[in-house]
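Spelled out from the first residue to the last, the chains are:
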Amino acid sequence: MLSMLGLIGGLALLIVLTLRGMNLFIAAPACALIVALTSNLAIFPSAGADNFIQGYMNGFANFVSAWFFMFLLGSLFGKFMEDTGAADSVARYIVDKLGMKHAVLAIVIACAVLTYGGVSVFIVAFSVYPMALSLFKDANLPRRFIPATLAFGSVTFTMTSAGSPEIQNWIPIKYLGTSPYAAWEVSLVVAIFMACFGYWWLRKMIGKAVANGEQFEARDDDPEIPERDYPHPVTGLIPLLVVLALSFILHDSLQQAALIVALLGGVLSIVVINFKHFHNLAKATTEGTNGALIAIGNTAAVVGFGAIAKSSEAFTVAVDLMTQIPGNELIGAAVAVSVIAGLTGSASGGQAIALPLVAPHYLDAGVNPEQLHRVVSISSGALDTLPHNGYVVTTIRAICKETHQAAYWSMAALSAVVPLLGVALALCLFIWF
């Protein structure tokens, strides 16, 4: 009981502190310490025993080890697009051709194409943000909706859909013996629903804010690039296409390492094509590097909390309860994966923990593996979007430089509520048809 109170209390406190804007390097380990103390977990390293310091730092370090080069190259890619004026050039071209009213749609499409092309959702935010900032500025839209727009195009109707190369669509294959295209018919219906409904909701939220007098607010650290320095719009699209093409071509052979090659290719292509348009290459490199360190540090701090949470007694009990929900197996799987993803703040983490437990049971019970695959995939991308989620923290704070209070709720509407509705639709289609 004490361990459960500690887990719930620690998670709740982390969410509150994150929403209040507290430094995550302080908030995450402090909340993790509460979980450790209430679970009788040793604080300091001792022979053969689990402990708080090693557990937290293992989670922290493993994330940095796995993602450092992607964050670094992704941040440099975004900063170079910004400093050369390539992002502004593409943004203005889109506005000139499509009109201001389609600025948000252009950002959503860019994110969706990159995500479905195999680029990690973290890196999509780095890559598209400079263009999004320019489009919101030109269209005079409230910049606090940029994180929601990036998230909607990245982690909703593309990330967990059939055929997506994102890990959230591939983890179930190992446990269910399915393919990335499992239940593609239902997946297509759900994806279309999430895309249409989510875009309508996003436009409605932005329209309401504009009607209330909100507009784009420039900041001192926003890039200022003279009109005469703008490169041709094509030179801004080529690096994005390089990233997309290399990621797609190399994904099967290199797996996650393909993203390193793809981003490196994107960075080099910017340097080669737009070298003469750099305002200050050294400064852009420094700012890009610092941005990557802040982004990966904030995310790793939250991952460390998840590592301690998973080692607590209460977490084991919660997983057992979630994976033994009576009733329809598909509904039980959806609830189990959603709750575990919420506790860990990770869609892939929720799947990796739940599937080894639920997959054998449900398959033995005769559940269609393709249906189970799609339900697990879509449901993992819903409640994982709590304030402490690594993608949420990175996108809102490190990339867009917003506060949770200003930007989180619109993001949650699109990346938590919309996927939950998508899960409900998928369950209805599977159960009734």
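Conventions adopted
Residues numbered from 1 in each chain as written. Predicted model: local features only at pLDDT ≥ 70, side-chain atom pairs only at ≥ 80, totals over all residues. Heavy atoms only, no water. Helix = DSSP H or I, 4+ residues; strand = E, 2+ residues; numbered from the N terminus. Rg over C-alpha atoms; globule rule 2.2 N^0.38 Å. Buried < 20%, exposed > 50% of the residue type's maximum accessible area, 1.4 Å probe, protein only. Contact = heavy atoms within 4.5 Å. UniProt positions renumbered as here; feature names shortened; annotations may be inferred. Phe/Tyr/Trp six-rings, centres within 6.5 Å; stacked < 30°, edge-to-face > 60°. Axes fitted to C-alpha atoms, helices over the stretch in contact; angles between N-to-C directions. Parallel < 35°, antiparallel > 145°, perpendicular 65-115°, else oblique. Nonpolar A, V, L, I, M, F, W, Y, C, P; charged D, E, K, R; others polar. Polar contact = N/O pair within 3.5 Å; in protein donor to acceptor, adjacent residues only side chain to side chain. Patch = residues over 30% accessible without salt bridge, like charges linked within 9 Å, V, L, I, M, F, W, Y side chains within 5 Å. Areas by Shrake-Rupley, 256 points an atom, 1.4 Å probe, with all protein chains shown as cover. Salt bridge = Lys/Arg side-chain N within 4 Å of Asp/Glu carboxyl O. Core = buried A, V, L, I, M, F, W, Y, C linked by side-chain atoms within 4.5 Å.

## Examining the overall build of the chain
- Along the chain, the regular secondary structure elements total 18 helices and zero strands.
- Rg of the C-alpha trace for the chain: 21 Å, near the compact-globule value of 22 Å for 433 residues, within the 12% margin.
- Overall, the C-alpha framework of the chain stretches about 65 × 55 × 50 Å when taken along its three principal axes.
- Within the chain, the fraction of its 433 residues that count as buried is 58%.
- Expressed as a percentage of contacts within the chain between residues at least 6 apart in sequence, the contacts between residues at least 24 apart total 80%.

## Things to note about the UniProt feature "transmembrane region" (unreviewed entry) in the chain
- When the UniProt feature table is mapped onto this chain, "transmembrane region" (unreviewed entry) is found at residues 56-81, 102-129, 181-202, 234-251, 257-275 and 406-432.
- For the annotated span residues 56-81, helix accounts for 100% and strand for 0% of the residues, and the straight-line distance between the end C-alpha atoms is 35 Å.
- The annotated region residues 181-202 carries 86% helix and 0% strand content, and the separation between its end C-alpha atoms amounts to 28 Å.

## Re the packing of aromatic side chains
- A complete count under the given rule lists twelve aromatic pairs for this structure.
- Relative to Phe69, the ring of Phe68 has its centre 5.5 Å away and its plane inclined at 65°; by these criteria the two rings are edge-to-face.
- Among the residues examined, Phe69 registers a relative accessible area of 48% and is labelled partly exposed.
- Here the aromatic residues Phe63, Trp67, Phe71 and Phe126 are joined through ring pairs into a cluster of three or more.

## Brief notes about the packing of helix α7 (residues 146-155) against helix α9 (residues 184-211)
- Running from N to C, α7 and α9 cross one another at 175°; their axes reach a closest spacing of 11 Å. Accordingly, the angle class assigned to the pair α7 and α9 is roughly antiparallel. Note on element contacts: α9 touches α7 through Met194, Ala195, Gly198, Tyr199 and Leu202, opposite Ala148, Thr149 and Phe152.
- Residue composition of the contact of α7 with α9, grouped by class: six nonpolar, two polar and no charged.

## Description of the side chain of Ser269
- As for its placement among the helices and strands, Ser269 is situated in helix α11 (residues 257-274).
- Looking at Ser269, the relative accessible area reads 11%, which means it is buried.
- In terms of polar contacts, Ser269 uses its side chain to reach the backbone carbonyl oxygen of Gly266, at 2.7 Å.
- Apart from the residues lying within four places of it in its own chain, the contact partners of Ser269 are Pro239, Val242 and Asn274.

## Quick word on the environment of Ile399
- Within the secondary structure, Ile399 sits in helix α17 (residues 390-399).
- Here the alpha-carbon distance between Ile399 and Gly78, two residues 321 residues apart in the chain, equals 9.4 Å.
- Apart from the residues within four sequence positions on either side, Ile399 is in contact with Phe122, Ala125, Phe126, Tyr129 and Thr394.

## Side note on a nonpolar patch on the surface
- There is a patch of nonpolar side chains on the surface, built from Ile331, Val335, Ile431, Trp432 and Phe433 and spanning about 580 Å² of accessible area.
- Going through the elements one at a time, α14 (329-344) and α18 (404-432) are the ones with two or more residues in the nonpolar patch.
- Within the secondary structure, Ile431 sits in helix α18.
- Residue class for Ile431 comes out partly exposed when judged on its relative accessible area of 37%.

## With respect to the nonpolar core
- Within the largest apolar cluster, 139 residues are counted, with the highest numbers of intra-cluster contacts made by Val128, Met131, Leu135, Phe136 and Leu150.
- Ranked by the residues each element gives to this core, the list is headed by helix α6 (residues 121-139), at 14 residues.
- If near-sequence neighbours (up to four positions away) are discounted, Met131 is found in contact with Ala87, Val90, Ala91, Ile94, Ala106, Ile107 and Ala110.

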